Amino acid sequence: MMKRLYLKKISNMKQLYVIPTVLMLLVSLSCMAQFGERQDIDINVDGARTLEAGDLDGDGDMDIVVSYFDVLAWYENEDGLGTFSEMKAINSGYGQAFAIDIADLDGDGDLDVLYTSFDDSLVLWYENLDGQGNFSGDHVISTEIMGADIITAADLDGDGDLDVLTTGNVNRDVYWLENLDGSGTFGPLQFITDQSNARSVKTADFDGDGDQDLVVSNVAPINIAWFENLDGQGSFGPAITISDVDTNVSNVHPADIDNDGDVDILGAKNAEGKIELYKNDGVGSFSPAMTITDQMEGIRSIRTADIDQDGDLDVLGAANTINKFAWYENLDGQGSFGPEHIIEQGFIHHRDLVAADFTEDSYPDVAGIILVDKIFGWYENLFPLSVEDIEESTITITPNPAYTKLEIESSYPIDELQLYTVQGQLLFSQKGNTTQLDISGYASGILFLRLDINGKEVVKKVVKI
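Rules used in this analysis
Residues numbered from 1 in each chain as written. Predicted model: local features only at pLDDT ≥ 70, side-chain atom pairs only at ≥ 80, totals over all residues. Heavy atoms only, no water. Core = buried A, V, L, I, M, F, W, Y, C linked by side-chain atoms within 4.5 Å. Buried < 20%, exposed > 50% of the residue type's maximum accessible area, 1.4 Å probe, protein only. Helix = DSSP H or I, 4+ residues; strand = E, 2+ residues; numbered from the N terminus. 1 Å grid on protein atoms, 1.4 Å probe; cavity = no way out; pocket = protein on both sides within 12 Å on 5 of 7 lines; lining within 4 Å. Points joined across faces, edges and corners; volume = space filled by probe spheres on them. Nonpolar A, V, L, I, M, F, W, Y, C, P; charged D, E, K, R; others polar. Phe/Tyr/Trp six-rings, centres within 6.5 Å; stacked < 30°, edge-to-face > 60°. Polar contact = N/O pair within 3.5 Å; in protein donor to acceptor, adjacent residues only side chain to side chain. Contact = heavy atoms within 4.5 Å.

Caption draft 1: Focus on the nonpolar core. In terms of nonpolar packing, the biggest core is built from 28 residues, with Leu114, Ile141, Leu165, Ile192 and Leu214 touching the most fellow members. Those elements that provide at least two residues to this core are β9 (122-126), β11 (148-154), β12 (163-168), β13 (173-177) and β16 (213-219). The greatest single-element share of this core, amounting to five residues, is contributed by β11. Counting residues in hydrophobic clusters, the runner-up holds 19 residues, among them Ala48, Leu51, Phe84 and Ile369.

Caption draft 2: Summary view of the layout of surface pockets. Within this model, the largest pocket holds a volume of roughly 970 Å³. Residue lining of the largest pocket: 34 residues in total, with Thr50, Glu52, Lys202, Asn251 and Arg303 positioned closest to the centre. Put simply, the parts of the chain that give the lining of the largest pocket at least two residues each are β3 (50-54), β7 (100-103), β11, β15 (201-204), β19 (251-255), β23 (299-305) and β27 (350-356). Counting residues per element, the lining of the largest pocket draws most heavily on β23, at five residues. Split by residue class, the lining of the largest pocket holds 12 nonpolar, 12 polar and 10 charged.

Caption draft 3: The packing of aromatic side chains, seen in detail. Under the criterion given, the structure shown has 10 aromatic pairs. Here Phe358 and Trp378 contribute two aromatic rings whose centre-to-centre distance is 6.0 Å and whose plane-to-plane angle is 70 degrees, an arrangement assigned as edge-to-face. Here Phe358 is found in the loop between β27 and β28 (365-370), whereas its partner Trp378 is found in strand β29 (residues 375-379), with 20 residues between them in sequence. Classification of Phe358 by relative accessible area gives buried; the value is 0%. Given a relative accessible area of 1%, Trp378 falls into the buried group. Taken together, the aromatic side chains of Phe84, Phe358 and Trp378 make up a single cluster linked through ring pairs.

Caption draft 4: Here's a closer look at the side chain of Glu276. By the secondary structure assignment, Glu276 is in strand β21 (residues 274-278). Looking at Glu276, the relative accessible area reads 4%, which means it is buried. Side-chain polar atoms of Glu276 contact the side chain of Lys269, separated by 2.9 Å. Beyond its immediate chain neighbours, meaning those up to four positions away, Glu276 contacts Ile265, Leu266, Gly267, Lys269, Ala289, Met290, Thr291 and Ile292.

What follows is the structure, encoded as structure tokens:
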């Protein structure tokens with residue numbers, strides 16, 4: 001366990017500038033959440049596909065469920081500080097599963113596990129028998145879906161229990177199944193669409209009418225679409241286009257990114273390496289794509305969590321071509337994102353990650369699986385971190401806004417300086433103490449200075465005019 005450092009406060013310093021365009025700018029000096037080195041949970045694990053986190057044993061801390069090639073298992077957080085048990089098998093012997101979910105399917109107050117076997121065309125659930133992580137054998141939900149793939153639990157018919165949403169990869173179908181009695185007895189397949197080569201299906205109330213709608217990737221010829229729950233009882237309308245750009249979307253994720261009370265959508269375009277944001281107007285009309293990053297080639301997974309505990313949702317991703325886990329700070333709570341922060345990079349095939357508080361300190365940590373190198377581990381969120389013994393107002397950047405040059409004053413030597421665009425593009429990097437930076441050659445707009453001081457990171461927003 002890495003020791004957490006609690007360091008002196010660096011205040012957010014707000015300065016208001018008026019320029020000819022009457023632009024108001026917030027310039028903040030903030031300490032950034034940083035992650036410790038990977039702490040292995042299991043090693044030489046074969047064929048890890050996906051993972052989720054939840055309190056499976058009812059002791060108040062977050063455990064982890066992992067689907068391997070032929071095993072579904074969970075790992076107990078034994079001390080609430082990130083010390084995990086050995087693998088505890090829930091099932092074994094089935095073919096590969098690309099999706100799992102954790103939810104209370106029988107209404108008894110503990111978390112059960114949903115599972116699909118792609119190779120066996122099975123949809124199954126496992127009852128948490130005692131609330132302590134002792135699981136039942138197979139409860140069969142369906143054997144009719146060829147290439148059963150994505151799975152998630154949601155109350156689609158508004159009766160207070162959790163139904164099941166799932167997809168079939170062979171026939172390109174999306175279905176839901178009603179939880180008939182609230183105890184995990186499921187009804188027949190109810191068809192939603194057969195035009196989807198769905199890589200991701202999620203639920204949220206996109207039109208603000210109080211029921212659960214769907215967002216689906218790759219609904220031909222649309223790459224992101226949503227389906228309205230017309231009556232709140234699981235009757236779904238036709239696909240409504242969010243994005244129709246001709247490129248594969250590997251993942252969609254609903255979340256209120258801009259803090260306006262409605263649910264926006266994040267989309268991951270794996271070939272282009274993009275994470276994009278589509279803002280919702282509250283009734284299901286979405287903005288054009290807003291790029292958060294284009295540096296995540298092969299992105300497989302996106303998640304959200306308030307990593308830096310500033311009251312808004314940040315974005316995390318796992319990419320298996322460029323091979324990294326990374327996160328992006330929501331700078332203003334309205335969906336303006338800063339440069340990339342690497343959690344780990346350098347192994348092969350970063351498959352999935354999940355954010356959860358494994359140390360009970362209120363800061364979300366990250367667990368991830370790296371498929372080819374057979375790695376399953378977690379990374380402690382070491383926030384709040386900054387430079388030890390820095391007092392308020394010891395770093396200043398002037399003028400700001402600036403036309404040509406920035407003067408950088410710091411009471412502590414700067415080890416490295418980097419300049420980024422809002423999209424995360426690195427414009428300039430220099431090692432050694434830097435007191436002046438020429439920005440005359442860059443386009444007007446918001447830029448970010450990243451300063452490394454004694455191994456810690458400070459980010460400053462500046463404006464080029």
